[in-house]
Amino acid sequence: MTKFVLNDFLPYQLAILAARVSREFSTLYKAKFGITIPEWRVVAHLSQTGGPLSVGEISDRVDMDKSKVSRAVGRLETAGHVEKSVNTDDRRLVKVRLTDQGRQMIAELAPLARQFETDVLHRLGPDAPQFRASLGALIDKT
């Protein structure tokens, strides 16, 4: 038997933390807008870009499988939050952008997201600035 302890393994701890915080935040937007975590990631990312993006571009930027992004986009399109446009030369190439309804949803969600982030950082107390700096350093180096 090895002396390896999964619960003490940093990548495992980060994955667990990310999943728990993400699930906690999702209760807020799911209750108000009925969207899932992948749908939140898609609309949040689209709100940060200047124009439409392909499913592949979204997948790369939010670090989700293309199939999961495609399903999220389909549900968001059905709900009226995004619209797709197809390339007439290659129908496999689809671009996605927020609709006015999607932009309105993000406008309402942004203050909730900022408040949630503030609440999470408050739990860290005086260690919050150092945690953010360390997290940023890890992200920049991976």
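Data block above holds the structure.
Basis of the calculations
Residues numbered from 1 in each chain as written. Predicted model: local features only at pLDDT ≥ 70, side-chain atom pairs only at ≥ 80, totals over all residues. Heavy atoms only, no water. Helix = DSSP H or I, 4+ residues; strand = E, 2+ residues; numbered from the N terminus. Polar contact = N/O pair within 3.5 Å; in protein donor to acceptor, adjacent residues only side chain to side chain. Expected span 1.5 Å × (residues − 1). Bend = angle between axes of the 7 residues up to and from the residue. Contact = heavy atoms within 4.5 Å. Buried < 20%, exposed > 50% of the residue type's maximum accessible area, 1.4 Å probe, protein only. Core = buried A, V, L, I, M, F, W, Y, C linked by side-chain atoms within 4.5 Å. 1 Å grid on protein atoms, 1.4 Å probe; cavity = no way out; pocket = protein on both sides within 12 Å on 5 of 7 lines; lining within 4 Å. Points joined across faces, edges and corners; volume = space filled by probe spheres on them. Nonpolar A, V, L, I, M, F, W, Y, C, P; charged D, E, K, R; others polar.

*Asks:* Please set out the side chain of Ser26 residue by residue, giving values where relevant.
*Replies:* Take Ser26: it is sitting in helix H1 (residues 10-33). Only 2.7 Å separates the side chain of Ser26 from the backbone oxygen of Arg23, close enough to count as a polar contact.

*Asks:* Give a detailed account of H1, specifying residues and quantitative values.
*Replies:* For H1, which comprises 24 residues, the first-to-last C-alpha distance of 34 Å matches the rise-based estimate of 34 Å (1.5 Å per residue) to within 8%. Taken as a whole, H1 carries its principal kink of about 30° at Ser26. On the buried face of H1, the contacting elements are helix H2 (37-46) and helix H5 (100-124). Following H1 by one or two positions, Gly34 adopts a phi angle in the positive range, close to 70°.

*Asks:* Can you lay out unusual backbone geometry for me, pointing to particular residues and giving the numbers?
*Replies:* Positive phi values are uncommon outside glycine, yet Asp63 reaches one of about 55°. In this fold, Asp63 is placed in the loop between helix H3 (55-62) and helix H4 (66-79). Overall, the relative accessible area of 71% leaves Asp63 in the exposed class.

*Asks:* Which residues make up the environment of Tyr12, and what are the values?
*Replies:* Here Tyr12 lies in helix H1. Judged by relative accessible area, which is 29%, Tyr12 ranks as partly exposed. If sequence neighbours within four positions are ignored, Tyr12 has contacts with Leu6 and Asn7.

*Asks:* Got a sec to walk through the side chain of Ser59? Specific residues and values, please.
*Replies:* Relative to the helices and strands, Ser59 is located in helix H3. Excluding residues within four positions of it along the chain, Ser59 makes contact with Met64, Asp65, Lys66 and Val69.

*Asks:* A description of the nonpolar core should follow, citing residues and the corresponding values.
*Replies:* If you look at the biggest cluster of nonpolar residues, it comprises 25 residues, and the most contacted ones within it are Trp40, Val42 and Val43. Not counting residues up to four positions away in its chain, the partners in contact with Trp40 are Phe25, Tyr29, Ile35, Ile106, Leu109 and Ala113.

*Asks:* Residue-level account of the layout of surface pockets, with values.
*Replies:* Each pocket or cavity is described by its volume, and for the largest pocket that value is around 1,300 Å³. For the largest pocket, the lining is made up of 25 residues, of which Ala18, Val21, Ser22, Arg41 and Leu135 are closest to its centre. Of all the elements, H5 adds the most residues to the lining of the largest pocket, at 8 residues. Classifying every residue of the lining of the largest pocket gives 16 nonpolar, 2 polar and 7 charged.

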